[in-house]
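Listed below, chain by chain, are the residues.
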Amino acid sequence: MKLSYNWLRQYAPVDETPEALAERLTMGGLEVEGIDRIGSPLDGVVVGRVESVRAHPNADRLTLCNVDLGDGSPVQIACGAPNVEAGQLVPVATVGTTLHLSDRDDPDERTPVSIKKATLRGETSEGMICAEDELGLSDDHSGIMVLGEDAIVGQPFADYLAAHGIDPADAILDVSITPNRPDAASHLGVARDACAITGTPLALPDVTLPDEGGEVSERVTVDIEAPDACPRYVALLVRDVTVGESPAWLKSRLSAIGLRPRNNVVDVTNFVLHETGQPLHAFDFDEIRGHHIRVRQTTDETAFTTLDGNERSLPAGTLMIADAERDVAMAGVMGGENSEVSQKTTNVLLESAFFDPSTIRKAAKTIGVQTDASYRFERGVDRDGQVRAGARAAALIAELGGGTLVPGMVDAHPTPFERTTVDVRPARVDALLGTHVPVDEAERLLALIGFDVERREDVLRCTVPTYRPDVEREVDVIEEIARLYGYDNIPEPARSVAPSTAPADRPEDRFRASVRALLSSLGYREIYTNSMQRHETAERFNRGVLAGGKGDVVDTLNPISREMASLRPSLLPGALSVMSYNRNHGQRLLRFFELGHVFHRGSRDDAVVDGYAENETLLVAASGTAAPAGWDTDDRLMDLFDLKGLVAALLDRLRVPEVRMEAVYGSTDLTVHHLDVFSGGERLGVVAQLAEEFAGENDLDDPVLFCELDWSAVVRLAAPFIDATYRPVSRYPTVHRDIAVVVDQSREAGVLMDAIRRSAGELLLEVDLFDLYQGEHVDEGRKSLAFALRFGTSRTLTDEEVDERVDAVVRTLESEFDARLRS
C-alpha cells in the first residue's frame, strides 16, 4: 500500500526522516518495502506576473512575454502555451533552476533539466513559465499554471504551494500490510502506530458527528434485508452540490499515492477512504428511485452494469445495493453506471457501511475485480467507524462543492455489536516474551493504540478497539505489547532448554535426502519450477503415460495472468523450460531433477479437498552426452537405457519391492518408446524418450530422456523397509554359474531375469545379463541371452544344491518362454 509521508505527518507530526520512520515502522510490525521520492523542492521557481505578450517574429507557435519577477528588472521569456495572457500570475523557473521534466520517449520517466538563458529563433529567453506537469504537480500539460490572486510577485513558489496545503516534494512509503492488520490500510491507521512508536501525540481531524434521524431520515429510507452480510448502513445527504474540479491540495494528495483525480465528490470519497480506511460510495440522489435504499442478496444469476461500463454476470448470493426498483451498486466492490455522480449531479447521497468480509471477498473473486474498497472490506474495516468517516466526507463535499449538509443521518444497524474484551496476565506476558515488561508500561503501550485497559487483581482487562478485528485472544494482545515495547529491547536469554531427545525424521524426508544424495552425486541438479502454467500447456501434458495421475486439469478461478491459469498436471513442462534455457546458453550436458506436487481433478484417499487430487512426483530429465567429453571417453549421446539403469538403481536404493519395467514399443504423441515402471501390480510411472516434436519446440537437438514417478506411491511402498538392518559379509565362498538360453527375439531380458530370481529361490544372490547374440548357429527370429548367476548363503554350498537350483531355473525358462539351453 502506498502512503504519502507528508499526508501521514498531518496526523503523526513526527520529526523522523522518511527513512528513519520507515525503519521504526518496520521494527514495529509494518514492513516498509521501499521509499520513492516524488517532486522536487522547486528551488529557483518564483511567482511572476506576465506584463505583456506579443507574437514571436520568427515562430508561429511561440509568444514573447515580459515577466516581472519582483526584482525590478522584467525578463523576456519565450512561451508556447496557448493560454498565456497579460496580467496572469504564473510560476517561473528562473535561469539556473533544475526541473525534472517528462522524458520524450517515456512520459513516466523524468529527466533533470537545467534552465539556461537561450536564444530561440533569434529572440532571447531567460527562464520558463511552467505547466503543472513540469512542476511535478500533476499530468496536466494543456497550458501554463495560472495562480490565484493571493500569489505575491517574487514569492518562492514553494511558499505559495505550502499556503495552499500542497507539498512540492514527497516521499511515498510502500508498506506491506499483512492480512491481520486491516487497521493499517489507511494513513490514520499507520499514523496511530507511528505515534505510539515515537511517542508523538496523534492528531485526528476534527469531525462533527450528526445525530441519528433528522431531515435525512425523512428524505431517505434504508432497509437491510441481509443483516448477516450488512450489519450496518449509514446514509448522509448533501444537496445543491456543484460537481467540478477538486482543489489543488486534494488533487496533490491523491496523485501522490497514484490515484487520478476525477471530480470533487469522487475525490473526497477516495481521500477519506485512504485517510480512515473506511470505503464510501456517492450516489446521485436524484437517480435513486423512491429515495429508498435496500441492501439485499441476489436469489438468481443477475446481469449488472458497473460504473466502468462493463456488464457483469453476478451469481446468486451477491450482496447488492438497490433502490425501490433496481440494483444500483455491487455492495463493497463497485457502484453502478445507473446512479453514478456526474457533472449534472446536484444532490449526493453518501453511503458508509460495514459489509461482511467473506461476502465481499467472494463477490470480488467471482467477477475478477479488486478495488480499493473491496481490498479493505475483505480484511475487515472498523465496525464503529462508519458515522465518523461518512460525516468527514459529507462535510468536505459540502465545503468543496458549495453544497449544504442535510441535518441528521440514517443509521441502520439491525445486528448489535459488542466490543471484544480480553484478560491479559502480566506473568504470561513475561513468560512469552522472555523478559519483564512493567505493568504500567504494558498499560501505557496498549492505551497508545486505542485499547481501554482496566487494571484488576492479577490481570489487565483490555477492551479491544473496534478497528482491530484481528485481536481476539490473550496472545494477540501480548503480541501488540511486544511490537510496541520493541523487539530490540527483549534480551537474548543467557541459556535455553534443549530437548533431551532428537526429533525423528519422517520416512518421506529420509527418502528425499537419499534421492537427492544419489542424483547429486551423479551430476544431476535439483530445480524448482512454477506450479502454475498456461491452460494450453497443462492440457497438452495431461497424459496418461505420465505418473502424475488421471483426471481433468485444475484451473484457477481468477488467474493472475494467462501464464498462470492452471495448476500443473506434470513436472515435465517446467523441466523442459529449464533445459531449453540452459541449452540456449551453451550447455549441452543437461541433468536435472525435481520433487514437486502435481494436481488433477479426481479423488484420492489422502485428498485435502474433495474432488481434487494432489500428489508428489519425482521427475528426472537428461539430454546430451552420457559423460563429459575427454581423451579416454566416447562422445556418446544418452539413451533410454542410461536412464533406465539410473531409475533401477534409485528404486533399489530405496528398496521398493518387486520392481519391474515393461517396454512399450512405438511412438505416442508425447514419447518415442517408453518403459512402464511397476512395483508388483502397481504402476509407479514411466521412463521415456520425449517425442522429437516436443524436444524441437524447446530448442533441444539431442534426445531428451525423462522419468516421472509417483513419489507418494514410492514412499508408501518403501516405508516398511526404511529401517536398514546389518547383515555381516559371509565368510563362505559364493558359487558362480553361467547359462545361455535361446528364446524368441521378442522376449524381454528383464522378464526372464524375474523368472530366474523367482525359480532360483533364496540361495540366488545376483543375476546379470552379460551377453546378447544373434547370428550363426542361432535360428532366424531367435536370440541367445547369457546370464551370470551367483549363489551363496551362511554356509558352504555343495555342487548338488547349486545344480538343483540351476535345473529349476532351466525348467522354468523352458516351460514359460519356450527357451532352450544353447550348447
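S.K.: Would you mind going over the overall build of the protein chain with me for this structure?
M.R.: A count of helical and extended segments in the protein chain gives 21 helices and 40 strands. Against the 2.2 N^0.38 benchmark of 28 Å for 823 residues, the protein chain shows a C-alpha radius of gyration of 39 Å, more extended than a compact globule. Across the 823 residues that make up the protein chain, the buried fraction comes to 48%. Counted over contacts in the protein chain with a minimum sequence separation of 6, partners at least 24 positions apart contribute 69%. Separation between the mean location of the 83 positive side-chain charges and that of the 138 negative ones in the protein chain comes to 4 Å.

S.K.: So what exactly am I meant to see when it comes to the packing of helix 7 (residues 264-276) against helix 10 (residues 386-401) here?
M.R.: Packed helices, taken two at a time, are described by the angle between their axes plus the distance between the axes. Helix 10 packs onto helix 7 with a crossing angle of 145° between their chain directions and a minimal axis gap of 9 Å. Taken as a pair, helix 7 and helix 10 cross one another with a handedness that is right-handed. Of helix 10, the residues touching helix 7 (which contributes Asn264, Val265, Val268, Phe271, Val272, Glu275 and Thr276) are Ala389, Arg392, Ala393, Leu396, Ile397, Leu400 and Gly401. The residue inventory of the contact of helix 7 with helix 10, partitioned by class, reads nine nonpolar, three polar and two charged.

S.K.: What's the story with the environment of Phe157 in this structure? I'm lost.
M.R.: Here Phe157 shows up in helix 3 (residues 157-163). Taking the relative accessible area as the measure of exposure, Phe157 reaches 0% and is therefore buried. Separated by 80 residues in sequence, Phe157 and Leu237 have C-alpha atoms that sit 38 Å apart. If near-sequence neighbours (up to four positions away) are discounted, Phe157 is found in contact with Leu42, Val45, Val46, Val47, Pro91, Leu135, Leu137, Met145 and Leu147.

S.K.: Whenever I open this one, the pattern of salt bridges confuses me. Can you help?
M.R.: Side-chain pairs of opposite charge can arise whenever the charged atoms involved come near each other. Per the stated rule, a full pass over the model turns up 56 salt bridges. Of the charged contacts in the structure, one is a salt bridge between Arg296 and Asp327, with a shortest N-O distance of 2.9 Å. Of the two residues, Arg296 sits in strand 16 (residues 292-297) while Asp327 sits in strand 20 (residues 327-330), which places them 31 residues apart along the sequence. Each member of the pair, Arg296 as well as Asp327, carries the same accessibility label: buried.

S.K.: Would you take a moment to explain the pairing of strand 27 (residues 460-463) for this structure?
M.R.: Two faces make up the sheet, and in a regular strand the side chains alternate between them. Summarising the sheet, strand 25 (residues 421-424) and strand 27 pair through four bridges and their orientation is antiparallel. Along strand 27, the bridge assignment pairs Val422 with Cys462. Note: strand 26 (residues 452-455) against strand 27, four bridges, orientation antiparallel. In the sheet register, Glu454 faces strand 27, and the bridge partner there is Arg461.

S.K.: Could you clarify how one ought to interpret the packing of helix 20 (residues 749-760) against helix 21 (residues 799-817) in this entry?
M.R.: Following both chains from N to C, one finds helix 20 and helix 21 inclined at 135°, their axes separated by 9 Å at the closest point. With respect to each other, helix 20 and helix 21 are oriented oblique. Like other packed secondary-structure pairs, helix 20 and helix 21 cross with a definite hand, here right-handed. Taking contact as the criterion, the partners of Val751, Leu752, Ala755, Ile756, Arg758, Ser759 and Ala760 in helix 20 are, on helix 21, Arg805, Ala808, Val809, Thr812, Leu813, Glu816 and Phe817. Grouping the constituent residues of the contact of helix 20 with helix 21 by class yields nine nonpolar, two polar and three charged.

S.K.: Please clarify how the pairing of strand 4 (residues 63-68) should be interpreted in this entry.
M.R.: Of all the six residues making up strand 4, five are buried; the element is thus mostly covered by neighbouring parts of the structure. Examined bridge by bridge, strand 3 (residues 45-55) and strand 4 share six bridges and lie antiparallel to one another. From the neighbouring strand, Ser52 faces strand 4, where its bridge partner is Asn66. Sheet topology places strand 4 next to strand 5 (residues 75-79); five bridges connect them, and they run antiparallel. Looking at strand 5, one finds that Asn66 is bridged to Gln76. In sequence, strand 4 turns back onto strand 5 through a hairpin of six residues, with Gly70 there showing a positive phi of about 85°.

Criteria and cut-off values
Residues numbered from 1 in each chain as written. Predicted model: local features only at pLDDT ≥ 70, side-chain atom pairs only at ≥ 80, totals over all residues. Heavy atoms only, no water. Helix = DSSP H or I, 4+ residues; strand = E, 2+ residues; numbered from the N terminus. Rg over C-alpha atoms; globule rule 2.2 N^0.38 Å. Buried < 20%, exposed > 50% of the residue type's maximum accessible area, 1.4 Å probe, protein only. Contact = heavy atoms within 4.5 Å. Lys, Arg positive; Asp, Glu negative; His and termini not counted. Charge placed at Lys NZ, Arg CZ, Asp CG, Glu CD. Axes fitted to C-alpha atoms, helices over the stretch in contact; angles between N-to-C directions. Left-handed = near helix turned anticlockwise from the far one by under 90°. Nonpolar A, V, L, I, M, F, W, Y, C, P; charged D, E, K, R; others polar. Salt bridge = Lys/Arg side-chain N within 4 Å of Asp/Glu carboxyl O. Pairing = 2+ DSSP bridges. Parallel < 35°, antiparallel > 145°, perpendicular 65-115°, else oblique.

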